[in-house]
Amino acid sequence: MTPRKTHHPLIAALLALLSVPHAGAATIVVTTHADANPSVTDGECSLREALANARADSAQFPDCAPGTGDDEITFDESLFRLGNLFTVTINLVGGLSASSTSGPAHALAIRPPPPVGPYTPRVRLVASPESPHTVMSVRSTAAPFTLERINIEGGRGITGGGINLESQRATFDNVHFIGNRADGSGGGALMQRYGAGETFSPRPRRSYWSGPTSRAVAAWAAAVVFAS
Amino acid sequence: MSDDATFESVHFIDNQADSGGALGQLYGNGNLRISNGLFQDNHAADGRGGAIELGSINPAHQVSIFNTSFIGNQAGSDGGAILFEVAEGFSGMGTPLLDIAYSRFVDNSSGRNGGGLFAAAGFNVNQRMQVQISDSLFRGNQANSGLGGGVRVEGFSASQAGQTRVHIQRSSFIDNRAADGGGGGLVGSNLDMHVENSLFAENHALVSGAGLIHGASDVDSPPRTLTLIGNSFHRQTQTYSVPGRSLYLLLPPDASGWTLTFSGNLFDPASNSSGSDECLIGFIESGSTQPPTLQGGDNLSPEASCLFLGATDIQANPMVAASDSGNALKPLLLLPQPGSPAIDAWPADACTNHLEQPLTGDLRDAPRPADGDASGVADCDIGAFELPAVIADPIFANSFE
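Fair warning: this is a prediction, and the values are worked out from it, not measured in the lab.

Asks: So what exactly am I meant to see when it comes to the overall build of chain A here?
Replies: For chain A, the count of helices and strands is three helices and 16 strands. In chain A, which comprises 228 residues, the proportion classed as buried is 51%. Put simply, 74% of the contacts in chain A that link residues at least 6 apart link residues at least 24 apart. In the structure as shown, chain A presents an accessible area of about 10,000 Å², 56% of it carried by carbon and sulfur atoms.

Listed below in structure tokens is the structure:
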């Protein structure tokens, strides 16, 4: 199959209206709900391959259009049918990675095609129950990062069971985080950490003013009552 | 570089972590906006922030939560739904902000403080923060130990006036519980607090302050301000019969710099609450004490302990009745009944906010003042609810019978 940057003229027109154009922006169209890691060249563009091309700013995987700086990843409208209630499920075999930890920042958006009439396309990203993993790591060079109408389900990680967010400009629109878990500390669904050079460590238990507790009941009698 | 994250119409359901059951953010120093969201049944099993943990917050961080529901989240420690904590190494001139509007906190629970929300800037004198809550509901939340079934906000004991501020408007605190401590509805310590047009109803505490606690934790506390304007307190309960069911205010021995304003508040105690004072202003230590400045007036209570302003207050049965409103954010009404001494008893010129600007609405945003007694003069009703103006019957107005 030939890599496609856009699929349907109507979709392309809508996207053009809805998106702010960026110099060098590419639209990469995912054409399959299958996931394989490592990826296979089979003529179908998987989400994992699309993310890799966006990260590499090239056609690292020939099944997908190349990434070219600012990128938008969308999904072929043929994947969304009344039979699946316009919801595509991608059963992941491992964690996804968006952008990279170094280099220039580029915009990255991941969203299904726009709603058509009463139908709103949605994509479920479901972590593998066999080998627990974070659903997606969004690296610092994904800025701004946009995720829209995506479910993040069943992820599991040390922090950020669903998404581990390193981007410092991120927008989540109509995203559902369901049943994710962080086994370490922080962010069952999503974890975001800022700050240069900060070392993450589990937060200690703080002590605060205990105020009136059961043990202090007797002490209240000793309090001096103010009367006007 | 900005540190911004935006969540629009995002749902977090049944997620789990040690801290920040759904969403964790550390070292925030930008803008976090959550609107039209849902956080339901998330768990911080062994830590803080059943739904959201915002930890080690830096000076520029501004958090906005709008039209979002927090339902059934649980934290093993502080903050059943939200934990908001300023960084211990805080430095800089900015003031972190937590702004909550039109949001619901229902049936969340914490192992320690703040069944719904716990916010803290309580580690050192450099820290500061501002918490704003408006048009929101805290209902059925529970702190299993510690303080603040609904909300607890904590400043540092030696921080100066204005460093940590809480501002609450048009919000309802209903049926929250501090199961093993005080402060069923709201607790604010070591900070300046303003509460206006809000309802505290049927909250429960083991000991004092089933409705509201404000005070100092240290005998050397600098001056603070507390402003309570146009609030209603309805039937708080406590396990132990100790003073301060509706209000418990705790001052340092030298409170001469403190200013406490009570204006237009209504107290409707539970019928079986006799035996201890409904309201209490106490000092941390006995001995030589200096009283605070008290100001305001036009408060209404059947019990004298809640009337701090002497002759300018009214001791009488408030004659109010609770009813369901059908509004998800403001579900409980506590309206004056015919003949209630609350009706038009708060003169319009005194019916002002903490900035001495006229109040223009009640908890529901119903216009106030309104001529509720058909006297021809529009004054405010005491409490958080304003009855609409009554149109005088022109026949009776002309003494024609």
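Asks: Where do I start with the overall build of chain B in this structure?
Replies: For chain B, the count of helices and strands is one helix and 40 strands. Evaluated residue by residue, chain B yields a buried proportion of 62% over its 401 residues. Partitioning the contacts of chain B with sequence separation of at least 6, the portion at a separation of at least 24 is 79%. Only carbon and sulfur atoms are counted for the fraction: they give 48% of the accessible area of chain B, which is about 12,900 Å².

Asks: Can you walk me through the environment of V175 of chain A in this structure?
Replies: Here V175 of chain A shows up in the loop between β12 (169–173) and β13 (176–178). Sequence spacing of V175 of chain A and N151 of chain A is 24 residues, and the spatial spacing of their C-alpha atoms is 5.7 Å. Aside from chain neighbours lying at most four places away, what touches V175 of chain A is R122, L147, E148, R149, I150 and I152 of chain A together with S9, V10 and H11 of chain B.

Asks: Would you mind going over helix α2 (residues 47–56) of chain A with me for this structure?
Replies: Residues spaced three or four apart along an α-helix face the same direction, because each turn holds 3.6 residues. Residue and element names in this part refer to chain A. Judged by how many residues are buried, α2 sits mostly within the fold: eight of 10 residues are covered. Buried residues in α2 make contact with β1 (26–30), β2 (71–75), β3 (87–91), β4 (96–98), β5 (106–110) and β6 (122–126). Positive backbone phi, approximately 55°, marks D57, located one or two places after α2.

Asks: What's the story with the state of the cysteines in this structure? I'm lost.
Replies: Covalent bonding between the sulfur atoms of two cysteines defines a disulfide. Considering all chains together, one arrives at three disulfides over all chains under this definition. The residue that forms a disulfide with C45 of chain A is C64 of chain A, at a sulfur-sulfur distance of 1.9 Å. A torsion of 100° about the S-S bond marks the disulfide between C45 of chain A and C64 of chain A as right-handed. You can see C45 of chain A sitting in the loop between β1 and α2 and its partner C64 of chain A sitting in the loop between α2 and β2, a full 19 residues away along the chain. Each sulfur in the disulfide pair C279 of chain B and C306 of chain B lies 2.0 Å from the other. Disulfide C279 of chain B-C306 of chain B: torsion about the S-S bond near 85°, hence right-handed. Placement of C279 of chain B in strand β35 (residues 279–283) and of C306 of chain B in the loop between β37 (300–301) and β38 (314–315) is noted, with a sequence separation of 27 residues between them. Comparing C279 of chain B with C306 of chain B shows no difference in burial state: the two are buried. Once the disulfide-bonded cysteines of chain B are ranked by sequence position, their pairing pattern turns out to be 1-2, 3-4.

Asks: Help me understand the packing of aromatic side chains in this model?
Replies: To describe a pair of aromatic rings, one takes the distance between the centres and the angle between the planes. Residues and elements named next belong to chain A. Summed over all chains, the structure comprises 16 aromatic pairs over all chains. With a centroid separation of 4.5 Å and 5° between ring planes, the pair formed by F86 and Y119 is classed as stacked. Here Y119 lies in the loop between β5 and β6 and F86 lies in the loop between β2 and β3, a separation of 33 residues in the sequence. You can call F86 buried: its relative accessible area is 15%.

Asks: I tried to follow the nonpolar core on my own but got confused; where do I start?
Replies: General note: in soluble globular proteins, nonpolar side chains tend to be found buried as a group. Membership of the largest hydrophobic core comes to 100 residues, with the highest contact counts inside it found for L125, F145 and F172 of chain A. Among the elements that take part in this core, α2 of chain A stands out by supplying four residues, more than any other. By size, the runner-up hydrophobic cluster in this structure holds 25 residues, among which are L199, V320, L334 and I382 of chain B.

Asks: What is the right way to look at unusual backbone geometry in this model?
Replies: Both trends apply: most residues other than glycine have a negative phi, and most peptide bonds are in trans. Residue P144 of chain A follows A143 of chain A across a cis peptide bond; omega there is 0°. As for its position among the elements, P144 of chain A is in strand β8 (residues 142–148). Look at the link from R368 of chain B to P369 of chain B: it is a cis peptide, with omega at 0°. Here P369 of chain B lies in the loop between β40 (332–336) and α1 (394–397). Here N67 of chain B, not a glycine, exhibits a phi torsion of approximately 50°, which is positive. With phi around 50°, R170 of chain B is a residue other than glycine that occupies positive phi space. Relative to the helices and strands, R170 of chain B resides in the loop between β21 (164–169) and β22 (172–174).

Asks: Would you mind showing me how to read the confidence of the model for chain A here?
Replies: Parts of the model with low pLDDT should not have their predicted coordinates read in detail. All names here are of chain A. Per-residue pLDDT for chain A has a mean of 82; in total, 75% of the residues score no lower than 70. With pLDDT under 50 throughout, residues 5–23 is counted as low confidence; its partners more than four residues away or in other chains account for 20 contacts. pLDDT under 50 marks residues 195–203. Its contacts with residues more than four places away, or in other chains, come to 16 contacts.

Asks: How should the side chain of H176 of chain A be read in this particular structure?
Replies: By the element assignment, H176 of chain A lies in strand β13. In terms of polar contacts, H176 of chain A uses its side chain to reach the side chain of H11 of chain B, at 3.4 Å. If we skip the residues at most four places from it in the chain, H176 of chain A touches R122, I150, N151 and I152 of chain A together with H11 of chain B.

Asks: Looking at this structure, how should I read the side chain of R128 of chain B?
Replies: Residues and elements named next belong to chain B. By the secondary structure assignment, R128 is in the loop between β16 (117–121) and β17 (129–134). Of the side chains bearing the opposite charge, D192 lies closest to the buried R128, which forms no salt bridge; the N-O distance is 11 Å. At 3.3 Å, the side chain of R128 forms a polar contact with the backbone oxygen of G94. Beyond its immediate sequence surroundings of up to four residues, R128 is in contact with V86, F90, G92, M93, G94, T95, P96, A121, Q163 and T164.

Asks: What is the right way to look at the pairing of β16 of chain B in this model?
Replies: Two faces make up the sheet, and in a regular strand the side chains alternate between them. All names here are of chain B. Within β16, five of the five residues are buried, leaving the element largely enclosed by the surrounding structure. Judged by which residues are buried, β16 turns out to be covered on both faces: L117, A119 and A121 on one side and F118 and A120 on the other are all buried. Here strand β12 (residues 82–86) runs beside β16; their pairing, made up of four bridges, is parallel. What sits directly across from L83, in β16, is F118.

Reading guide: rules and limits
- Residues numbered from 1 in each chain as written.
- Chains lettered and ligands numbered in written order.
- Predicted model: local features only at pLDDT ≥ 70, side-chain atom pairs only at ≥ 80, totals over all residues.
- Heavy atoms only, no water.
- Helix = DSSP H or I, 4+ residues; strand = E, 2+ residues; numbered from the N terminus.
- Buried < 20%, exposed > 50% of the residue type's maximum accessible area, 1.4 Å probe, protein only.
- Contact = heavy atoms within 4.5 Å.
- Areas by Shrake-Rupley, 256 points an atom, 1.4 Å probe, with all protein chains shown as cover.
- Disulfide = S-S within 2.5 Å.
- Phe/Tyr/Trp six-rings, centres within 6.5 Å; stacked < 30°, edge-to-face > 60°.
- Core = buried A, V, L, I, M, F, W, Y, C linked by side-chain atoms within 4.5 Å.
- pLDDT = per-residue confidence, 0-100.
- Polar contact = N/O pair within 3.5 Å; in protein donor to acceptor, adjacent residues only side chain to side chain.
- Lys, Arg positive; Asp, Glu negative; His and termini not counted.
- Salt bridge = Lys/Arg side-chain N within 4 Å of Asp/Glu carboxyl O.
- Pairing = 2+ DSSP bridges.

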